[in-house]
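If you want the building blocks of each chain, they are given just below.
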Amino acid sequence: MQRHDPGNSGLGKSFLGNDFMLFNSYGFILGYLPIVLGGFFLIARNSHRLAALWLAAASVFFYGWWNVKFVPLLLASIAFNYAIGYAIGHARVSSSARHLLAAGIVADLVLLGVFKYTHFFIGSINDFFGLNIELARIVLPLGISFFTFTQIAYLVDVYRGIAREYDFIHYLLFVTYFPHLIAGPVLHHKQMMPQFASASIYRPQYSNMGIGLTLFTIGLAKKVLLADSFGQYADPVFAAAKDGFEPRFIMAWTGALAYTFQLYFDFSGYSDMAVGLSRMFGVQLPVNFNSPYKAWNVIEFWRRWHMTLSAFLRDYLYIPLGGNRLGPVRRHVNLMITMLLGGLWHGANWTFVVWGGLHGFFLVSNHAWRALRLRLGIPLVEPTGLGRMTGVAITFLCVVVAWVFFRAESLAAGLVIAKGCFGLSGLALSHRLESIGEILRNDGVNTGNSLVFTGWFEGNAALNLLGGVKIAILVFTGSLLIWVFPNSQNLVLPEYRTARPILSHPRFMRWLAITTGCMAAVALSSISKISAFLYYQF
C-alpha cells in the first residue's frame, strides 16, 4: 500500500517541478511575494474590496501553480460551502438549519474521503480479504484537509450563530488566503472576517512589515539550515528500514531523533513563515506552534503542537462526542476516538492510525495518572526543577517513539526502527573499537550478533558520508533552540513579549535586527536545494 510520504522532500514527485511557489524558494521570495504585497497596497489606495479580491485571486493563483486542475475543485468547494452557510444562516426553522448543516458536513467528508481515503480503504480490504480490487489512481489535491476542515468549522459556526458575515469576497479570501491554505493554521471565520473588513490592514504599516519580515526570516532559517539538515540523517535510516534493513541501536536512534528534530524545525519554520507573511499584510494569524518539546506531559504537548488542529479536534469532535461530561470511562473512549481520527487525518495509512493510537494511549494514561494523584490527595501542581525536567524527558521520549511510526513507510518499517531503539536488534560500533570485542571474547562473553563492529551507521554510505560530528553539532544547536532559548513568537511578536520586558529593550531589539539580517543572508545563500514542508503532505 502506498503512503503519502511526509519525509519525501520532493513534495511528491508529481509536484517536483512546481517548487517556484514554496515559501523557501527564490521565485516566491523575490517574485510572487513582492508583486502580491505591492499590488495589494496599491489597489487598496482606491478600493478595499478590489484589494481583497486581488489578494484572493493571488491566493488562488498560488494554489493553481501547484496543480491547476485542482483549482475548479477548490472553487466548487468554496461556492458550495458558502451557499450552504448562507442557507443555514437564513433558515427560518431550526430543523431546516440542522438538516442543511448535516448535508454540508457529509458532502465535505465525502469529498475528503474520496480523494484521501479511497485507496486506503480499498487497499485494506484487499489486504484483509485477499482480494484484488483495482482502482484508478486518485491524486490527492494539495491542502484538501485544511480547506475542508476550515469550511466544516465555518458551517458549524454559522449554525451556532458565531459566524454572521456573508461577504463572498471576504469568504473566498478567508478560505484561500495563501499563507495558511496549504498547511494551516486551521482558521475560524470569526478570527478572519473582522480583519478583512478593517480599514487598518489596507494601509502599509512599517511595524507590521518589520515584525513579519523578522518572523519570516527566522522561519526560513529554521527550514533551510536546520530542518533540511536533519532530514539528511533521517531519510537514509527510514529508507533502509523500508527496504527491510534492521537498524541497530545507534542507527535507529539517529533516524528517530533526526526526524524528531527535522519535523520540529520544519513545522515550526513553516508556522513562523505563515504568521510572518500574513503580518506583512497586516493580518494576524493564530499562533500554531508553542515550543511543544518543552511540554512536561502529553496533555500539555497537545496544547503546544499544531494548536489550531488540536483546538478543532477538541471543539468539533471530542466535545460533541461527550468530552469529559459522561464520566472517566467515556472520556477515555472519546480521547482514543479523537486521536485515532486525528492520526487518520494526517494520512491514509495504518502508520498514522498507530501514531494516533499511541498518543491516545499516552493521553489516557496521563489523565488516569492525574485522577490517581487526586484520589491520593496529591495536588495537581505544575512541577519545577528536577520534577519538570523528568516530565519533559519522559514526554519527549514518548513523542519520539510515536514519530517513528508517523514517519515510517509501513508498520513493518516502523517496528524494526522501534525495535532498534529499544536495543532489541543489538549494537553496532566503529571498526576502531574492535579491541573491545576481543576483550569480551577473551573473557568468555559470547556477543554473538548483538555486538558487531560494522561502523556507527552499519555501512550506510549516506550516513557515513555525512558523519557523526555534524549531527552532534546539529543536535546541540537544535537542543539549545528548543529547550533553552525563547521561541519565535516570544522574541518577535509584541503581544507575546509582554511577559518578558527585557525582550522589548532597545538594546535587545538592535541585537535581534542584526541577528535577523545575518540569518537572512545565510539562509538566502543556502537555498541551493528546494525542499517542501512536511505538512504540505497532509
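Residues numbered from 1 in each chain as written. Predicted model: local features only at pLDDT ≥ 70, side-chain atom pairs only at ≥ 80, totals over all residues. Heavy atoms only, no water.

What is the right way to look at the overall build of the protein chain in this model?
On a plain count of helices and strands, the protein chain comes out with 22 helices and 2 strands. Taking 538 residues into account, the globule formula puts the C-alpha radius of gyration at 24 Å, and the protein chain, at 25 Å, falls close to it. Across its three principal directions, the C-alpha atoms of the protein chain cover 85 × 60 × 60 Å. Classification of the 538 residues of the protein chain by burial places 54% in the buried group. As displayed, the protein chain has an accessible area near 23900 Å², and 66% of this comes from carbon and sulfur atoms. (Helix = DSSP H or I, 4+ residues; strand = E, 2+ residues; numbered from the N terminus. Rg over C-alpha atoms; globule rule 2.2 N^0.38 Å. Buried < 20%, exposed > 50% of the residue type's maximum accessible area, 1.4 Å probe, protein only. Areas by Shrake-Rupley, 256 points an atom, 1.4 Å probe, with all protein chains shown as cover.)

Just checking my understanding: could you explain the packing of helix H1 (residues 26-44) against helix H9 (residues 206-242) for this structure?
The relative placement of two packed helices is expressed as an angle between their axes plus a distance between the axes. Two elements in contact, H1 and H9, have axes whose closest approach is 15 Å; the angle formed by their N-to-C orientations is 160°. Taken together, H1 and H9 sit at an angle that is classed as roughly antiparallel. Crossing angle aside, the handedness with which H1 passes H9 is right-handed. Two secondary-structure elements touch here, H1 through Phe28, Ile29, Leu37 and Phe41 and H9 through Met209, Phe216 and Leu220. Along the lines of polarity and charge, the residues of the contact of H1 with H9 split into 7 nonpolar, no polar and no charged. (Axes fitted to C-alpha atoms, helices over the stretch in contact; angles between N-to-C directions. Parallel < 35°, antiparallel > 145°, perpendicular 65-115°, else oblique. Left-handed = near helix turned anticlockwise from the far one by under 90°. Contact = heavy atoms within 4.5 Å. Nonpolar A, V, L, I, M, F, W, Y, C, P; charged D, E, K, R; others polar.)

Looking at this structure, how should I read the packing of helix H2 (residues 48-66) against helix H6 (residues 168-176)?
Direction vectors running N to C along H2 and H6 enclose 35°, while the axes themselves pass 9 Å from each other. Handedness of the H2/H6 crossing: left-handed. Residue-level contacts link Arg49, Ala52, Leu53, Leu55, Ala56, Ser59 and Val60 of H2 to Ile169, His170, Leu172, Leu173 and Thr176 of H6.

I'm lost on the pattern of salt bridges in this one. Help?
Side chains that carry opposite charge are capable of pairing whenever their charged atoms lie near each other. Following the criterion strictly, the structure yields 13 salt bridges and no others. For the salt bridge of Glu246 with Lys419, the shortest nitrogen-to-oxygen distance reads 3.4 Å. Here Lys419 lies in helix H16 (residues 411-421) and Glu246 lies in the loop between H9 and helix H10 (249-280), a separation of 173 residues in the sequence. (Salt bridge = Lys/Arg side-chain N within 4 Å of Asp/Glu carboxyl O.)

Can you help me understand helix H14 (residues 350-375) in this one?
Residues spaced three or four apart along an α-helix point in a common direction, a consequence of the helix completing one turn every 3.6 residues. Over its 26 residues, H14 runs 37 Å from end to end, which matches the ideal 38 Å to within 8%, given 1.5 Å per residue. Of the residues that open H14, the one with a side-chain oxygen 2.8 Å from the backbone nitrogen of Thr351 is Asn349. Gly377 occupies a position one or two residues after H14 and carries a positive phi of about 80°. (Expected span 1.5 Å × (residues − 1). Polar contact = N/O pair within 3.5 Å; in protein donor to acceptor, adjacent residues only side chain to side chain.)

Please explain the confidence of the model for the protein chain as it appears in this structure.
For any part of a model where pLDDT is low, the fine detail of the predicted coordinates should not be relied upon. When pLDDT is averaged along the protein chain, the result is 89, and 96% of the positions lie at 70 or above. Taken as a whole, residues 1-17 scores under 50 in pLDDT and shows 43 contacts with residues more than four places along the chain or in a different chain. (pLDDT = per-residue confidence, 0-100.)

Got a minute to help me understand the environment of Leu429 in this structure?
Here Leu429 lies in the loop between strand S1 (427-428) and helix H17 (434-442). With near-sequence residues (within four places) excluded, Leu429 lies in contact with Ile250, Leu451, Val452, Phe453, Thr454, Gly455 and Trp456.

What am I meant to see in the packing of aromatic side chains here?
Here a ring pair, both rings aromatic, is described through the centre-centre distance and the interplanar angle of the planes. Counting across every chain of the model gives 59 aromatic pairs. A ring pair is formed by Phe508 and Trp511, whose centres lie 5.5 Å apart and whose planes are at 35°; its orientation type is tilted. Placement of the pair is Phe508 and Trp511 together in helix H22 (residues 506-525), with a separation of 3 residues, close to one helical turn. Owing to a relative accessible area of 48%, Trp511 belongs among the partly exposed residues under this scheme. Residue placement shows Lys116 over the ring face of Trp345; its charged tip is 5.2 Å from the ring centre. (Phe/Tyr/Trp six-rings, centres within 6.5 Å; stacked < 30°, edge-to-face > 60°. Lys NZ or Arg CZ within 6 Å of the ring centre and 35° of its normal.)

Quick question: what am I supposed to make of the side chain of Ser278 here?
Relative to the helices and strands, Ser278 resides in helix H10. Polar contacts involving the side chain of Ser278 include one to the side chain of Tyr177, which spans 2.8 Å.

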